[in-house]
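Coordinate inspection notes
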Amino acid sequence: MNFEEHAAKAKVLAPASIAVPRGKLCITADETEAAFAEIGPCVVKAQVPTGKRGKAGGIRKADSAAEAGAAAQAILGMEIDGYRVEKVLVEERAEIAREFYAAVLTDFAARRPLVLFSTEGGMEIEEVAAARPDAVRRHGLEVDQGFDDHAARAMLAGLGLGDAEPKIAAVLKSLHAIYRARDAELIEINPLALLKDGRVVALDCKFTLDDSALFRQSDLASAGAAEKLTALERRGAEAGLKFIELDGNVGVLANGAGLTMTTMDVIAHCGGKPTNFLEIGGEAYTKSEVALGLVLSAPNVKSLVINFCGAFARTDVMADGVVKAWKKLQPEIPVFFSIHGTGENEAVKLVREQLNVEPYDFMEDAVQAAVDAAR
Amino acid sequence: MIIHRKAHRVLVSGITGKQGTFWTEKMIECGTCVVGGVNPKRAGETHIGVPVFASAADAMAKAPYDTAVMFIPPALAKPAALEAIASGVKLLVMLTEHIPAQDVMAVLLAARRAGTHVVGPNTAGLVTPGEGFVGIMPGHNPNIFRPGSVGVVSRSGSLGTLVCLNLTRAGIGQSAFIGIGGDPMIGTTTRDALIALDKDGRTEAVVLVGEIGGAMEESAAEYAAGMEKPVVAFIAGRASPPGKKMGHAGAIVTGTAGSYDSKRSALERAGVVVVDTPRDIPAALSRRLEGRAAREPRGSAVQAGR
């Protein structure tokens, strides 16, 4: 789960005593204009959970109330990276001396946390790391290991940070504490600014919470940004199903992520395009009835492949759900099955008797038939 | 250790639940030696013919085991896994999906310190046809698994099942199936499984079933480059759009990292045959095995495809 900047600052950074600029969240141009009276010269920033705000024109400076209002007028309603801007953060404009980068994240390949720091803040860190690997300091540690003052100071040694060094070390320690306590996948401050008055302030913040840990971070769950979903994808999410709408016309229903991706691959290989990704693997295998309803609701679907290869997922239970949904919805598109694995005898019998359809022995043949039928 | 053997003694954590019960029955039916299960509330009882113990340590004292498999929900997975590791288990099979990442890191760290192998999380388990299985695979289904000499490593359980089915239909049996799991952080990587199959005396060739996301296939390719045993691969996710998690938390392409093209070219550079659809696997394997048998006329030619 991703968080918009204002939520990450208010819910995560501020409680951990990391300084953030004075700011106000506004949803109209009038509010923004009024906020200027409190805040003064400011930056008006689009609040969407994506890093492409600056380039898209979603971040603007304002030196008067009228300018602030105009900036909000321009930004609100913009679409950035697929997200519609509905809120702006009006923040005091700081006098910046230097900009840094600081983050703690999960290093999936190393299977442990990683602390990152760079004196080249304000830019895409991937670009900095690619161009000049030495410019990014890395400190890997075990998940049960503390990140103390000594470790933080060691990371910053020799960077010429002067009086700011202890303050930055404190920020790194706090970031690590946030990472651990808040089940972060990523907590990133870019830029972390040293102001001309000597303060160290987080000008932006990116926070990604591990979705699997939501159950124990329930106070944060409501502050997260809504996922970018289509209406159908939202219906799937509400039913506990991972549904992704695509632009093809061959509908896909399969169990397990690997088999579903493979079904899509074979559709492409046979010259077709899938309508969707939808898998009912794991515990979701009992939801085939709802799942089929979703696939059939996709506007462009012209034919359907149902590909079951049951291990944990019982194909008889999945086929039963499919038959029920099919009889209820009575779709007028052709359907092609391939069914193997746990419960296959009962599943094949059900499909034969109830839908009068003969499953294919090879999924590739079922897919080819579905691709041909969709043409 | 990550290749299951009939001699392995298996403890089932969460044996009394619905899935624990169903799959333990299947494992026993398939020949797996299940010494018992764990459920503190039902310690002392017998469940589906095996004893229930109060803890992993209690079980280790009364019915020593070397493999533990967990049917435990995500929030409770970490303490259960740490308990099993502390008991001295050699292999921990973690089936659970959606365990918090920091819990997974803690479990993998404890395992590394204790010298315990971990398979998963989010794995469907291990199958050795003719010997047994551990997990939630149709190891008991003779249409899908048949004893033989081809090792299969797969991130996905469902796709791995399809691949074994295709092999069996083509008359090619399997020496071992190693399901490594669909999570981005797992105890046994594709490369680890490939090494185990390379060292396994009963395995003559390997099918590597990967998917987009991460860099495990690229890392496995580095090892495959030095292997004598033929390797055939299928990578799922070629037609998946970037930036979206395709069901498995690990199956996401961001930028160029983890892309289909990166994996395919790394594997092909290592001499691995990468096929376009699962149906092509048996034929590609047979060609590789025949080619190898022709080059090395040692009388050990594998009977592949009949």
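Conventions and cut-offs
Residues numbered from 1 in each chain as written. Chains lettered and ligands numbered in written order. Predicted model: local features only at pLDDT ≥ 70, side-chain atom pairs only at ≥ 80, totals over all residues. Heavy atoms only, no water. Helix = DSSP H or I, 4+ residues; strand = E, 2+ residues; numbered from the N terminus. Buried < 20%, exposed > 50% of the residue type's maximum accessible area, 1.4 Å probe, protein only. Contact = heavy atoms within 4.5 Å. Buried area = accessible area lost by both parts, 1.4 Å probe. Salt bridge = Lys/Arg side-chain N within 4 Å of Asp/Glu carboxyl O. Polar contact = N/O pair within 3.5 Å; in protein donor to acceptor, adjacent residues only side chain to side chain. Nonpolar A, V, L, I, M, F, W, Y, C, P; charged D, E, K, R; others polar. Domains from an automatic or database assignment. Phe/Tyr/Trp six-rings, centres within 6.5 Å; stacked < 30°, edge-to-face > 60°. Pairing = 2+ DSSP bridges. Axes fitted to C-alpha atoms, helices over the stretch in contact; angles between N-to-C directions. Parallel < 35°, antiparallel > 145°, perpendicular 65-115°, else oblique. Left-handed = near helix turned anticlockwise from the far one by under 90°.

1. Observations concerning the overall build of chain A
Helix and strand counts for chain A stand at 13 helices and 18 strands. The principal-axis extent of the C-alpha atoms belonging to chain A is close to 80 × 50 × 40 Å. A burial count over chain A gives 55% of its 375 residues as buried. Within chain A, residue pairs in contact and separated by at least 24 positions form 67% of the contacts whose partners lie at least 6 positions apart.

2. Brief notes about the interface of chain B and chain A
In this complex, chain B contributes 54 residues to the contact, which on the side of chain A involves 50 residues. It is Gln-102, Met-105 and Arg-279 of chain B in chain B that bury the most area against chain A; as a group they hold 16% of the surface buried on that side. For the pair chain B and chain A, the interface holds five salt bridges. Across the salt bridge formed by Arg-113 of chain B and Asp-144 of chain A, the nearest N and O atoms sit 2.8 Å from each other. Where chain B packs against chain A, one counts 19 residue pairs in polar contact (both at pLDDT 80 or more). Among the elements of the structure, α1 (18-29), α4 (101-114), α5 (157-169) and β13 (231-236) of chain B are those that each provide at least two residues to the side of chain B that touches chain A. Per-element tally for the side of chain B that touches chain A: the top contributor is α4 of chain B, with nine residues. Taken together, the residues of the side of chain B that touches chain A sort by class into 28 nonpolar, 16 polar and 10 charged.

3. A few points about the pattern of salt bridges
Overall, the coordinates contain 42 salt bridges over all chains when judged by the stated rule. Between Glu-142 of chain A and Arg-112 of chain B there is a salt bridge, with the nearest N and O atoms lying 2.9 Å from each other. Residue Glu-142 of chain A is found in the loop between β10 (136-140) and α5 (149-156), and its partner Arg-112 of chain B is found in helix α4; the two belong to separate chains. In this structure, Asp-200 of chain B and Arg-5 of chain B form a salt bridge, with 3.0 Å as the shortest nitrogen-oxygen distance. With Asp-200 of chain B in the loop between α6 (190-199) and β12 (205-211) and Arg-5 of chain B in the segment before β1 (9-13), this residue pair connects regions lying 195 residues apart in the sequence. For the pair shown, Asp-200 of chain B and Arg-5 of chain B are each scored as buried.

4. Some thoughts on the domain arrangement of chain B
All names here are of chain B. Looking at the assigned domains, one finds that chain B contains domain 1 (9-119) and domain 2 (141-304). In this assembly, seven residues from domain 1 lie in contact with eight residues from domain 2. Carbon and sulfur atoms make up 59% of the surface buried where domain 1 meets domain 2, a total of about 600 Å² over both sides. Three residues, Glu-97, Leu-108 and Val-119, lead the burial of domain 1 against domain 2; their summed loss comes to 53% of the area buried on that side. Remark: the boundary between domain 1 and domain 2 carries zero salt bridges. One can count one residue pair in polar contact (both at pLDDT 80 or more) joining domain 1 with domain 2. Elements with a minimum of two residues in the side of domain 1 that touches domain 2: α4 and β7 (117-119). In terms of residues, the side of domain 1 that touches domain 2 owes the most to one element, α4, which gives four residues.

5. Some details on the packing of aromatic side chains
Residues and elements named next belong to chain A. Applying the stated criterion across every chain, the model contains eight aromatic pairs over all chains. Residues Phe-100 and Phe-117 carry aromatic rings whose centres are separated by 5.7 Å and whose planes lie at 35 degrees to one another, so their mutual orientation is tilted. Placement of Phe-100 in strand β8 (residues 96-107) and of Phe-117 in strand β9 (residues 112-118) is noted, with a sequence separation of 17 residues between them. Owing to a relative accessible area of 0%, Phe-100 belongs among the buried residues under this scheme. You can call Phe-117 buried: its relative accessible area is 0%.

6. Points about the sheet that holds strand β8 (residues 125-128) of chain B
Residues and elements named next belong to chain B. With mixed pairing, seven strands are arranged side by side in an open sheet as β9-β8-β11-β10-β12-β13-β14. Two strands bound the open sheet, and with one partner strand each, they are β9 (132-135) and β14 (273-274). Note that strand β10 (residues 147-154) and strand β11 (residues 174-179) share six bridges and pair parallel. Looking across to β11, one finds that Ser-154 is bridged to Gly-179.

7. Brief notes about the packing of α5 of chain A against helix α6 (residues 165-181) of chain A
Between two packed helices, both the angle of their axes relative to each other and the distance between the axes serve to describe the pair. All names here are of chain A. Close contact between α5 and α6 brings their axes to 9 Å; oriented N to C, the two are set at 120 degrees. By the angle between their axes, α5 is oblique relative to α6. Pair α5 / α6 crosses with right-handed handedness. Only Glu-165, Pro-166, Ile-168, Ala-169, Leu-172 and Lys-173 of α6 make contact with α5, whose side of the interface consists of Asp-149, Ala-152, Arg-153, Met-155 and Leu-156. Within the contact of α5 with α6, the residues separate by chemical class into seven nonpolar, no polar and four charged.

8. A look at the sheet that holds strand β4 (residues 59-62) of chain A
All names here are of chain A. If you trace the four strands from one edge of the open sheet to the other, you get β2-β7-β3-β4, paired in antiparallel fashion. Of all strands in the sheet, those with a lone pairing partner are β2 (23-26) and β4, marking the two edges. Adjacent strand axes in the sheet meet at a mean angle of 20 degrees, parallel and antiparallel pairs treated alike. Relative to strand β7 (residues 88-92), strand β3 (residues 42-46) runs antiparallel, the two sharing five bridges. By the bridge assignment for β7, Val-44 is matched with Val-90. Together, β2, β3 and β7 form the strand contacts of helix α1 (residues 5-13), whose direction differs from that of β7 by roughly 60 degrees. Lying on the sheet, helix α3 (residues 65-75) is in contact with β3, β4 and β7; it crosses β4 at an angle near 165 degrees.

9. A short note on the environment of Ile-187 of chain A
All names here are of chain A. Mapping Ile-187 onto the fold places it in strand β11 (residues 184-195). It is 6.3 Å that separates the C-alpha atoms of Ile-187 and Leu-105, two residues lying 82 residues apart in sequence. Sequence-distant contacts of Ile-187, defined by excluding residues within four places in its chain, comprise Val-12, Leu-13, Ala-102, Ala-103, Val-104, Leu-175, Ile-178, Tyr-179, Cys-205, Lys-206 and Phe-207.

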